[in-house]
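Residues per chain, in single letters:
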Amino acid sequence: MDMPLTPPTAPPTAPPAVPPVAPAAPTAVNPVVGPPAGDPLVNSWTPPSPPVANGPSRPRGRARFGAGLVVGAAVTAAALGGYVVGQDNNDSPAAVSAPGVAAQTVSVEGGSIAGLVHAARPSIVSVHQTVTQSSPTGGQLQGTAAGTGFVLSADGYIVTNNHVVAEGDDTTITFSDGSEESATIVAADPTRDLAVLKVDRNDLQPLAVGNSDDLQLGDQLIAIGYALDLTGEPSVTAGILSAKDRTITEENGEQLVNLLQTDTAINPGNSGGPLLNGRGEVVGINTAIAGQAQNIGFAIAITPVMDVIGALQSGTVPDRALMGVTTQPATAGDGAEIVEIAPGSGAAASDLEVGDVVVSLDGEPIDKPADLGVAIAKHQPGDEVSVTLDRNGTSVDITVTLGKKPT
């Protein structure tokens, strides 16, 4: 799913050729855009379009981050998207329990990756969906899209990416022993790329949830997932934590924040799978890869989203705060320059003006548009925030009441 595939005129017997796709322009999008057009990392990302087995290609869920970040579910017999990572140092704090799940630390004798994988294996699942699409002749073609998930609780709750289950029907979970169960989507949050599924089982083995805040650069990480939807055992790869607190922007303007970057090999089909630390605890959820780069993958850090996962498990999609501005990098110096204000938004009800450059929010420096999105993501709808602006060379302080991002 590293590159989009051209829809064939007839069901393919092998994955079709993969043409390049031009990166999306880094247009400012509310609440904030990604890095500027000249940023080589952003412009190296390529959007994914996994093919449908026995059918034409079909983009899955979110296709881009910034200028072409690859996400997603895979489609059987071709490319599945996502990432996995895991392993921090031995000084990590106690595991953070998932909602309704008693934390359990996997003990790996001798610290071997093989032992860790063996212990975690029963908690890693394959997620499949039936995807139906119209053929060029007006008929209906069917294929199977696939990704990865992990067991959240013994009573049948499973976590994966939203984009893994966003476009198909008849979700099926395959467990390590080969058994299959139909699953329902309890709730999904496209703005955070998270989904919680439910199967009718009470004997599942959940993975312990670790503390992603405790990870340090260079910590070893382990990815387990169903790359390319290959049959049999899941694929296992290992790497290190390359960076923390990354932010990526999708083509539609949605931002994912608090991401972990890793050089762990992550491939189509790993989406939604766990990112494990050295104690076998989940520290991230594999979500995106840089298609035109080497060994750059991203996972959603688990600790900042545990409350979101808990809400999804109860069937509720949490609201997300919205300021209501479109921004771009400041033409001179640091900051996020406002180029548009959405009518009816909190920004419109404030004294913000087009041309203002946001330089801080609640005292937190805003050096670029992405920083503004990260700062807003820490708040809830209805929160009042203090915004410091550069308005034609004059520093101005304004209070803005945040609104709610449309679902």
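So, how was this worked out
Residues numbered from 1 in each chain as written. Predicted model: local features only at pLDDT ≥ 70, side-chain atom pairs only at ≥ 80, totals over all residues. Heavy atoms only, no water. Helix = DSSP H or I, 4+ residues; strand = E, 2+ residues; numbered from the N terminus. Areas by Shrake-Rupley, 256 points an atom, 1.4 Å probe, with all protein chains shown as cover. Buried < 20%, exposed > 50% of the residue type's maximum accessible area, 1.4 Å probe, protein only. Pairing = 2+ DSSP bridges. Salt bridge = Lys/Arg side-chain N within 4 Å of Asp/Glu carboxyl O.

All right, on to the overall build of the protein chain then. A count of helical and extended segments in the protein chain gives 3 helices and 23 strands. Just so you have it, the protein chain exposes about 15,600 Å², and 49% of that area is on carbon and sulfur atoms.

Turning next to the pairing of strand β12 (residues 255-262). The element β12 is largely enclosed, with a buried count of 7 among its 8 residues. Note: strand β11 (residues 235-249) against β12, 5 bridges, orientation antiparallel. Note on β12: the bridge partner recorded for Thr249 is Gln255.

Tallied over the full model, the rule gives 9 salt bridges. Glu281 is the salt-bridge partner of Arg279, the closest N and O atoms lying 3.3 Å from each other. Neither residue differs from the other here; Arg279 and Glu281 are each classed as buried. Here Lys378 makes a salt bridge to Glu364, at a shortest N to O gap of 3.4 Å. You can see Lys378 sitting in the loop between α3 (369-377) and β21 (384-391) and its partner Glu364 sitting in strand β20 (residues 364-365), a full 14 residues away along the chain. Residue Lys378 is classed as exposed on the basis of its relative accessible area of 56%. Accessibility expressed as a relative area gives 29% for Glu364, which makes it partly exposed. Each of Glu181, Arg201 and Asp203 takes part in one network of salt bridges that share partners.

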